[in-house]
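Observations on the three-dimensional arrangement
Each chain is listed here by its residues.
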Amino acid sequence: MAVYNPKSLHAEEFINHEEILETLAYAEANKNNVELIDSLLEKAKPKREGNGYRCSGLTHREASVLLACEIPEKIEEMYKLANEIKLAFYGNRIVLFAPLYLSNYCVNGCLYCPYHYKNKHIKRVKLTQEQVRNEVIALQDMGHKRLAIEAGEDPVNNPIEYILECINTIYSVHHKNGDIRRVNVNIAATTVEEYRMLKDAGIGTYILFQETYNKKSYLELHPTGPKHDYDYHTEAMDRAMEGGIDDVGLGVLFGLEGYKYEFAGLLMHAEHLEAVHGVGPHTISVPRVKHADDIDPSAFDNSISDEMFAKIIACIRIAVPYTGMIISTRESEAVRGKVLDYGISQISGASRTSVGGYTEEERPHDSEQFDVSDQRTLDEVVRWLMEMDHIPSFCTACYRAGRTGDRFMSLCKSGQILNCCHPNALMTLTEYLEDYASPETKKIGYELIEKELKKIPKENVMNIAKQNIEAIKNSNRRDFRF
Ligand code: SAM
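The rules behind the values
- Residues numbered from 1 in each chain as written.
- Predicted model: local features only at pLDDT ≥ 70, side-chain atom pairs only at ≥ 80, totals over all residues.
- Heavy atoms only, no water.
- Helix = DSSP H or I, 4+ residues; strand = E, 2+ residues; numbered from the N terminus.
- Rg over C-alpha atoms; globule rule 2.2 N^0.38 Å.
- Buried < 20%, exposed > 50% of the residue type's maximum accessible area, 1.4 Å probe, protein only.
- Contact = heavy atoms within 4.5 Å.
- Areas by Shrake-Rupley, 256 points an atom, 1.4 Å probe, with all protein chains shown as cover.
- Lys, Arg positive; Asp, Glu negative; His and termini not counted.
- Charge placed at Lys NZ, Arg CZ, Asp CG, Glu CD.
- Domains from an automatic or database assignment.
- Salt bridge = Lys/Arg side-chain N within 4 Å of Asp/Glu carboxyl O.
- Nonpolar A, V, L, I, M, F, W, Y, C, P; charged D, E, K, R; others polar.
- Axes fitted to C-alpha atoms, helices over the stretch in contact; angles between N-to-C directions.
- Parallel < 35°, antiparallel > 145°, perpendicular 65-115°, else oblique.
- Left-handed = near helix turned anticlockwise from the far one by under 90°.
- Expected span 1.5 Å × (residues − 1).
- Arc of directions from axis to C-beta.
- Near = heavy atom within 4 Å.
- Polar contact = N/O pair within 3.5 Å; in protein donor to acceptor, adjacent residues only side chain to side chain.
- Pairing = 2+ DSSP bridges.
- Right-handed = clockwise from strand over helix to strand, strands pointing away.
- Core = buried A, V, L, I, M, F, W, Y, C linked by side-chain atoms within 4.5 Å.

What the protein chain contains, in helices and strands, is 20 helices and 11 strands. Since a compact globule built from 482 residues should have a radius of gyration of about 23 Å, the 21 Å found for the protein chain is in line with a globular shape. Projected onto its principal axes, the C-alpha positions of the protein chain cover 65 × 55 × 40 Å. Put simply, the protein chain has 482 residues, and 62% of those count as buried. Intrachain contacts of the protein chain at a sequence separation of at least 6 include 74% that bridge at least 24 residues. In the form shown here, the protein chain has an accessible surface area of approximately 18,500 Å², with 52% of it arising from carbon and sulfur atoms. Computed over 56 positive and 72 negative side-chain charges, the inter-centroid distance for the protein chain is 6 Å.

Next up on the list: the domain arrangement of the protein chain. When its domains are assigned, the protein chain resolves into domain 1 (11-87), domain 2 (92-410) and domain 3 (415-474). Placing a centre on the C-alpha atoms of domain 1 and another on those of domain 2 gives a separation of 26 Å. With 34 residues of domain 1 at the interface, the matching set in domain 2 holds 37 residues. The closest approach of N and O atoms between Glu12 and Lys215, which form a salt bridge, is 3.5 Å. Here the side of domain 1 that touches domain 2 gets 9 residues from one element, more than from any other, and that element is helix H5 (residues 72-90). Classifying every residue of the side of domain 1 that touches domain 2 gives 21 nonpolar, 8 polar and 5 charged.

Attention now moves to the packing of helix H12 (residues 259-277) against helix H13 (residues 306-319). Between H12 and H13, the least distance of the axes is 12 Å, while the angle of their chain directions is 20°. One finds that H12 runs roughly parallel with respect to H13. As for the relative orientation of H12 and H13, their crossing is right-handed in sense. Contact residues: H12 offers Tyr259, Phe263, Leu266 and Leu267, while H13 offers Met308, Ile312, Cys315, Ile316 and Ala319.

What follows covers helix H2 (residues 17-29). Compared with an ideal rise of 1.5 Å per residue, which puts 13 residues at 18 Å, H2 spans 18 Å between its outermost C-alpha atoms and is within 8% of the ideal. Buried within H2 are the following residues: Glu19, Ile20, Thr23 and Ala27. Angularly, the buried residues of H2 cover 100° about the axis, an arc narrow enough to put them on a single face. The inward-facing, buried residues of H2 contact helix H4 (60-68) and H12.

A few words on the site of the ligand. Surrounding the ligand, one finds 20 residues, the nearest of these being Tyr112, Ala151, Glu211, Lys227 and Lys290. Residue Ala151 places a main-chain N or O atom 3.0 Å away from a nitrogen atom belonging to the ligand. For the ligand, an oxygen atom lies 2.5 Å from a polar atom in the side chain of Glu211. Considering only residue class, the shell around the ligand consists of 10 nonpolar, 3 polar and 7 charged.

This part takes up the pairing of strand E5 (residues 182-186). With 5 of 5 residues buried, E5 is to be regarded as a mostly interior element. Judged by which residues are buried, E5 turns out to be covered on both faces: Arg182, Asn184 and Asn186 on one side and Val183 and Val185 on the other are all buried. With 5 bridges joining them, strand E4 (residues 146-151) and E5 adopt parallel strand pairing. Each bridged residue has a counterpart across the sheet, and for Ile149 the counterpart in E5 is Val185. Chirality of the crossover, the property in question, places the unit of E4, helix H7 (residues 160-172) and E5 among those that are right-handed.

Residues Leu198, Tyr206 and Ile347 are the most contacted members of the largest nonpolar core, which totals 149 residues. When residues in this core are grouped by element, the largest group, 10 residues, is from H13. With residues up to four places along the chain from it excluded, the contact list for Leu198 reads Ile160, Ile163, Leu164, Ile167, Val185, Ile187, Ile203 and Ile245.

Set out below in structure tokens:
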């Protein structure tokens, strides 16, 4: 029997089934232990340190107790604490991005995904470089600066050379004042050499969802194809880091397995990365299974309510305070609006989940991966964020300025990231307002920027921001490396 060891490089030792079962039993036994819950909430509070804050986070066992807790007042306290941590490390900024689907050819048999190879009626599409260029122009015309590229797994149709060529094309398009400054990559688990090639191509985060941490369920849900190999999939982030990628993004597809099991597994994975590589995940995504062509989400009996979804997000924020959290347009405006306060730091906007979707007028598209709930335009999403006092940020400076991996984490841990991110957010928002916003959004945007400029006491940093904001308004120069 495998023994739990977060430092091991073997999936069954760092995501250890017995340890998860014991964690769930411990959480169940302590779910109404007020004294323990109070001590965990106290432990997880941000503590002032120098100019910033320090946060201890919680272990997977401790956080699982919070997730299991059923005492309404304590759950309220969790939401407050999650919000406090969010504001301490991320401020009121929300980073925006869009997915770009390159190809839906896939050789896997995933039961929840319409791209599975047995689906003979979904339209299979693979973008040519000319089509990639047109999609990127459409995305730049909306104002996007950051993309997450997506592709099915198919070594013949979508080999690494194709992905690299697409990344190159994306970075090469400069339409009007637009450019894509950060390309994150969500492709199937691969080898160290291929991760190195992605790193050399200048990618931002490598994202790979675990789907489920429960090995038995994983094997059933991925009955055929290379993705069937649970260990290879689970150990992918270690190979990515060995290949030099220091920002990796985790996620589970909620609804496939019991959420308490997934929650513990996710945090164990984060602990493992920290223990082995000295840096935890850059982001955690929280997708839920959605209806899609030939996929009925009710076929999976572990769906979670919106309330439980919000609680999971708050508990992740408390457990891993320095990790960004992403929510996609799988979720509705109402759900997204609610969880922004509990620790989400990145959202997608105006997403199309079909291959070629940004240049197609009509929807739904017949190559879509799943239904999109939030179908608003980017301008509407930006305005909506600002009306709730969040600052939409199009900043991508960190990785271009070398603030990745443990450098980013140590700046984040000392609270210093706020000094870079806040002015950067305001400057890139100014770019957006000047180049792409509707008059109404522009008006609200400049009111918010004025308010923010007054609020922040860091005079020196904000003076630089002020000068840059004026420069953006008065010129077409767009080569800031904030
Ligand atoms: N082929 C790559 C892989 O295997 O990881 C890329 C993944 S796919 C393009 C992106 C993610 O969409 C998957 O990891 C999965 O979690 C999610 N997904 C698939 N089907 C879905 C559905 N019906 N509803 C919501 N999300 C889904």
